[in-house]
Amino acid sequence: MTIPPHATQGDEPQDWHVPQQPLARTDVQEPASQESTAQGLREAKTAEYPADESVAQESATFPADQAPAPESITQDSHGTGGHGNARAAAAHSWVVFVACLVVFGFVAWLAWGAVVTHDNPLVRQATGKSTASVTIAVGTVPSSLDVHDASNASAAQYLVGNVYETITGRNESNNATAGLARSWDESDDGLTFTFHLNTGMHFANGDALDASDVVWSLQQTVSNNYAGASELSKLASVSNTDESTVVMTLSTPDQTLPWKLSGVAGIVWDEENPGDSTTPGVGSGPYALGTLDAGTALTLIRNDAYWKPHHTEVPATVKLVAYTDASQACADLQNGAIDAILPLAGFRASSVEGIDGIRTTTMQSTQKTAIAFHSGGATFFADADVRASARTALDENAIVSAAGVEGTRLNGPIAPLDPGYEELDDTWGYDPQSAMTNYRFTGRYALNLVYRQSDEALANTIIDAFTAASWRVTGVELDDAAYEDRVINQQDYDLTIVHFDGSRDLASIEDPTNFVGYTNATTDDLWKQVQAATTDTDYSNAAAALARQINNDCAYDWLYISTPSAAARTSLSGMPTLYSADRMDLGSLHVE
């Protein structure tokens, strides 16, 4: 049956088909006994004497009515009581001294746990719950918590998977794994995916989470064109056959669907508390929303009602603080003001390497950087041979090294963590003399390299390389808004520096309608084969063939894949090692 957007969630199976047009959303103490009084007197008497072994044994052996006279206990071997009393006083002082040491040591231990590791060991021991608070320096913090908004990328990066769980999860190798769904099956024709959900799941407010919530959430994303709707463009219908099974039918195959459902497209909302653009919805993740200081700091609090076991070992709070000064972040990490640094502009692991108590990490990513040649229409780089000649003018290894970027060389459009990746040969090689000769045949056309301010160092290195080969290339530096207008909208440029921050994004690289203007009939046919793949193997093989063709056509000169730095105090483990723009999992954090 068909369920409209306002349909009420129930226990009966649901079936929904993608509409042709978007749908609207509307203590009394007892008297002491004689025996206990005598015992108390015995204890008080014992406390007056040295805490040596013989006294302790006597105190424990004699009954109350047979206890020796105090004089017989306090006399020394010469029968003199004064020296015995002196020894008793000295021993008493030592007892007090040792007791003070124990107390102060215990307090110091608690202080260390609370200050250095931001945790309270006593509470953790008694309750099994971590009381740790973790503060992490990041590059950006969202200005709002609306993950429905596709333009609010930083909200998705830190809320997806942490506050809002997704149908599938994602591991550090960038593959789809179990999430809310414990497993899934795919039909032979690639048109039907059946997801089997975990049982006993619930949202942070205690509401049950089952298959009907999944159906409703996907319906809302598509019908209201929320962030992630474009990832579901092939979704024809979705239904739940029971409370733990969801069936998705596609109009055409999409081998990337399980991976897409690990991002914002796969968020499952609570129908009873879905939220809106101003009020965040309730999630089912390991954390819940705390506070937001727009653009400055975001605090997440542990969801103690989380449905997975052993979750109370994660920090009680995680605070993400935006830093624009990498050196200040490094100083704060050293002095204990913060506990970790995730990738941010200007931060390098070398800044804190070798410092006691700090561990650095080189993260993996799928973020690719390339030089794009404007290939559309009657442009200078419309001819593939001219583009190839430009590539021979550039020593990409030297450029990446000289620019000081954090990355490793990339020779094609697929990142190592994406299906279809293969190490492609640099067919043309570095040959500045040949590049110079070929350029002369073009009439020494003056070219412009338009770039963002954030790419200044890389742009200058590229321009120097072209100049060394006698190519006339001038740099045009723009702020982000001006860059978007000139390059993306007006397409007024010859060369530009592009960053592809996504994953499994061959569609945007191959797209002949994008601002690069690259088109090729063979490439179009290969893209169709990628789209038609019905197995992971077929998809990978088709993607690899497409990547080779794009590389041979020199639509781009691929430079590097980002490998950004991160750092953390050694007491903090479980930091993410995969840096992605659409989710940053913090559910494994643990303070020792």
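One numbering rule holds for all chains: residues counted from 1, following each sequence as written. Only residues with pLDDT of 70 or above have their local features reported here, since the model is predicted, and side-chain atom pairs are shown and tallied only from 80 upward, although totals for entire chains, interfaces and linings are computed over all residues. Excluding hydrogens and water, the side-chain values take into account all heavy atoms of the structure.

K.L.:
So what exactly am I meant to see when it comes to the overall build of the protein chain here?
P.N.:
Segments assigned H or I by DSSP are reported as helices when at least four residues long, segments assigned E as strands when at least two residues long, and all are numbered from the N terminus. Scanning the protein chain from terminus to terminus reveals 17 helices and 24 strands. Working definition: with a 1.4 Å probe on protein chains only, accessible area under 20% of the residue-type maximum means buried, over 50% means exposed, and in between means partly exposed. Per-residue burial for the protein chain yields a buried fraction of 46% across its 592 residues. The protein chains shown are the only cover counted for residues, whose accessible areas, like all others here, come from Shrake-Rupley with a 1.4 Å probe. Carbon and sulfur atoms form 52% of the exposed surface of the protein chain, whose accessible area is close to 27,300 Å².

K.L.:
What am I meant to see in the confidence of the model for the protein chain here?
P.N.:
As a general rule, the predicted coordinates of low-pLDDT regions are not to be interpreted in detail. Confidence of the predictor at the level of single residues is given by pLDDT, which spans 0 to 100. Averaged over every residue, the pLDDT of the protein chain is 84; the share at 70 or more is 78%. Contacts for the low-pLDDT stretch residues 1-12, under 50 throughout, to residues beyond four places or in other chains number 30 contacts. A low-confidence stretch, residues 20-83 (pLDDT under 50), is modelled with 40 contacts involving residues beyond four sequence positions or located in other chains. Should any heavy atoms of two residues lie within 4.5 Å, those residues are counted as being in contact.

K.L.:
How do you make sense of the packing of aromatic side chains when you look at a structure like this?
P.N.:
The relative placement of two aromatic rings is captured by the distance of their centres and the angle of their planes. Pairing of aromatic rings covers Phe, Tyr and Trp, the last counted by its six-membered ring, and requires centre-to-centre distances within 6.5 Å; plane angles under 30 degrees mean stacked, over 60 mean edge-to-face, and any other angle means tilted. One pass over the full model with this rule turns up 14 aromatic pairs. Aromatic pair Phe380 and Tyr445: ring centres 5.3 Å apart, planes at 10 degrees, arrangement stacked. Within this pair, whereas Phe380 is found in the loop between β15 (368-373) and α10 (384-392), its partner Tyr445 is found in the loop between α12 (432-441) and β17 (447-452), the two being separated by 65 residues in sequence. A relative accessible area of 43% means that Tyr445 is categorised as partly exposed. The interplanar angle of 40 degrees and the centroid separation of 5.8 Å between the aromatic rings of Phe500 and Trp558 together place this pair among those described as tilted. Placement of the pair is Phe500 in strand β19 (residues 495-500) and Trp558 in strand β20 (residues 556-562), with a sequence separation of 58 residues. Members of the aromatic cluster, connected to one another through ring pairs, are Phe373, Phe380, Phe381, Tyr439, Tyr445, Phe466 and Trp471.

K.L.:
Can you help me understand the sheet that holds strand β13 (residues 358-362) in this one?
P.N.:
Strands belonging to one sheet form pairs held by backbone hydrogen bonds; the direction of such a pair is parallel or antiparallel. Taking strand neighbours across the sheet as the criterion, the seven strands line up as β9-β10-β11-β2-β12-β21-β13 in an open arrangement whose pairing is mixed. Each edge of the sheet is formed by a strand with only one pairing partner; in this case those strands are β9 (287-293) and β13. A pair of strands counts as paired when DSSP detects no fewer than two bridges linking them. In this structure, strand β2 (residues 133-138) lies alongside strand β12 (residues 340-341), joined through two bridges in parallel fashion. Residue Ala137 lies in a different strand from β12, and its bridge partner there is Ile341.

K.L.:
For this particular structure, what's the right way to read the sheet that holds strand β16 (residues 407-409)?
P.N.:
The six strands lie next to each other as β16-β20-β15-β19-β17-β18, forming an open sheet whose pairing is mixed. The sheet is open, and its two edges are formed by β16 and β18 (473-478), each paired on a single side. The average angle at which neighbouring strand axes cross in this sheet is 30 degrees, direction not considered. Inter-axis angles, ranging from 0 to 180 degrees, are taken between N-to-C directions of lines fitted to C-alpha atoms, where helices are fitted over the stretch in contact.

K.L.:
Looking at this structure, how should I read helix α16 (residues 521-532)?
P.N.:
One turn of an α-helix holds 3.6 residues; hence residues three or four places apart share an orientation. A rise of 1.5 Å per residue sets the reference length of α16, with its twelve residues, at 16 Å; its end C-alpha atoms lie 17 Å apart and thus fit the reference within 8%. Taken together, the buried positions of α16 are Thr523, Leu526, Trp527 and Val530. Down the axis of α16, the buried set is contained in an arc of 105 degrees. They therefore lie on one face. Exposed residues lying more than 90 degrees from the buried face of α16 are Ala521 and Lys528. One fewer than the residue count of a helix, multiplied by 1.5 Å, yields its expected span. The reported arc concerns the directions from the helix axis to the C-beta atoms and nothing else.

K.L.:
Sorry, what's going on with the side chain of Arg504 here?
P.N.:
Here Arg504 shows up in the loop between β19 and α15 (506-510). Arg504 sits in the buried class, given a relative accessible area of 18%. For Arg504, the contacting residues outside a window of four places in its chain are Asn174, Asn175, Thr256, Trp259, Leu417, Asp418, Pro419 and Tyr539.

K.L.:
Honestly, the nonpolar core in this entry has me stumped. Any pointers?
P.N.:
What tends to happen in soluble globular proteins is that the nonpolar side chains get buried as a cluster. We call a set of buried Ala, Val, Leu, Ile, Met, Phe, Trp, Tyr and Cys residues a nonpolar core when their side-chain atoms join them within 4.5 Å. With 35 residues, the main nonpolar core has Ile136, Leu159 and Leu342 as its most contacted residues. Of all elements in the fold, only β2, α6 (153-159), β10 (297-302), β11 (317-322) and β21 (565-569) reach the threshold of two or more residues within this core. Counting residues per element, this core draws most heavily on α6, at four residues. Residues within four places of Ile136 in sequence aside, it is in contact with Val318, Lys319, Leu320, Val321, Ala340, Leu342, Met575, Leu586 and Leu589. Listed in part, the 30 residues of the second largest apolar core include Ile414, Tyr493, Val498 and Leu506.

K.L.:
I keep staring at the packing of helix α11 (residues 396-403) against helix α13 (residues 456-468) and nothing clicks. Help me out?
P.N.:
Between two packed helices, both the angle of their axes relative to each other and the distance between the axes serve to describe the pair. α13 packs onto α11 with a crossing angle of 140 degrees between their chain directions and a minimal axis gap of 9 Å. In terms of orientation, α11 and α13 fall into the oblique class. Where α11 crosses over α13, the two elements pack in a sense that is right-handed. Side by side, α11 and α13 meet where Ile399, Ala402 and Ala403 of the first sit next to Ala457, Leu458, Thr461, Ile462 and Ala465 of the second. Basically, the charged four are Asp, Glu, Lys and Arg, the nonpolar ten are Ala, Val, Leu, Ile, Met, Phe, Trp, Tyr, Cys and Pro, and anything else, Gly included, counts as polar. Class assignment of the residues belonging to the contact of α11 with α13 gives a composition of seven nonpolar, one polar and no charged. Any angle between 65 and 115 degrees counts as roughly perpendicular, while under 35 counts as roughly parallel, over 145 as roughly antiparallel, and the rest as oblique. Left-handed describes a crossing whose near helix is turned anticlockwise from the far helix through less than a right angle; right-handed describes the clockwise counterpart.

K.L.:
Looking at this structure, how should I read α10?
P.N.:
When you tally the buried positions in α10, you get seven out of nine residues, the bulk of the element. Where α10 is concerned, the buried positions are Val386, Arg387, Ala388, Ser389, Ala390, Arg391 and Thr392. Tucked inside the fold, the buried residues of α10 contact β15, α11, α12, α13, α17 (536-552) and β20.

K.L.:
I tried to follow the pattern of salt bridges on my own but got confused; where do I start?
P.N.:
Side-chain pairs of opposite charge can arise whenever the charged atoms involved come near each other. Any carboxyl oxygen of Asp or Glu that lies within 4 Å of a side-chain nitrogen of Lys or Arg is treated as forming a salt bridge with it. Under the defined criterion, the tally for this structure stands at 13 salt bridges. A salt bridge links Arg504 to Asp418, with the shortest nitrogen-to-oxygen separation between them at 3.3 Å. One end of the pair, Arg504, is in the loop between β19 and α15; the other, Asp418, is in the loop between β16 and α12, with 86 residues separating them in the sequence. Between Arg548 and Glu422 there is a salt bridge whose closest N-O contact spans 2.5 Å. Of this pair, Arg548 sits in helix α17 while Glu422 sits in the loop between β16 and α12; the two residues are 126 residues apart in sequence, bridging distant segments of the chain. Look at Arg548 and you get partly exposed, because its relative accessible area is 35%. Taking the relative accessible area as the measure of exposure, Glu422 reaches 32% and is therefore partly exposed.

K.L.:
Where do I start with the packing of α16 against α17 in this structure?
P.N.:
Between α16 and α17, the shortest axis-to-axis distance is 8 Å and the interhelical angle comes to 165 degrees. As far as their axial angle goes, α17 and α16 are roughly antiparallel. For the crossing formed where α16 meets α17, the hand is left-handed. On α17, the residues touching Thr522, Thr523, Leu526, Trp527, Gln529 and Val530 of α16 are Tyr539, Ala542, Ala543, Ala545, Leu546, Gln549 and Ile550. Considering only residue class, the contact of α16 with α17 consists of nine nonpolar, four polar and no charged.

K.L.:
Would you mind going over unusual backbone geometry with me for this structure?
P.N.:
Among all residues save glycine, negative phi is the norm, and among peptide bonds the norm is trans. Although it is not a glycine, Asn174 adopts a positive phi angle of roughly 70 degrees. You can see Asn174 is positioned in the loop between β3 (168-170) and β4 (176-178). You will see that Arg504, though not glycine, has its phi angle at about 50 degrees, which is positive.

K.L.:
I keep staring at the pairing of strand β8 (residues 245-250) and nothing clicks. Help me out?
P.N.:
Where burial is concerned, most of β8 is hidden: five out of the six residues are buried. Pairing between strand β6 (residues 192-197) and β8: five bridges, direction antiparallel. When the bridges of β8 are listed, Thr192 appears paired with Thr249. Of the strand pairs in this sheet, strand β7 (residues 235-242) and β8 are connected by six bridges, and their pairing is antiparallel. Along β8, the bridge assignment pairs Ser237 with Thr249. The hairpin formed by β7 and β8 contains two residues between the paired strands.

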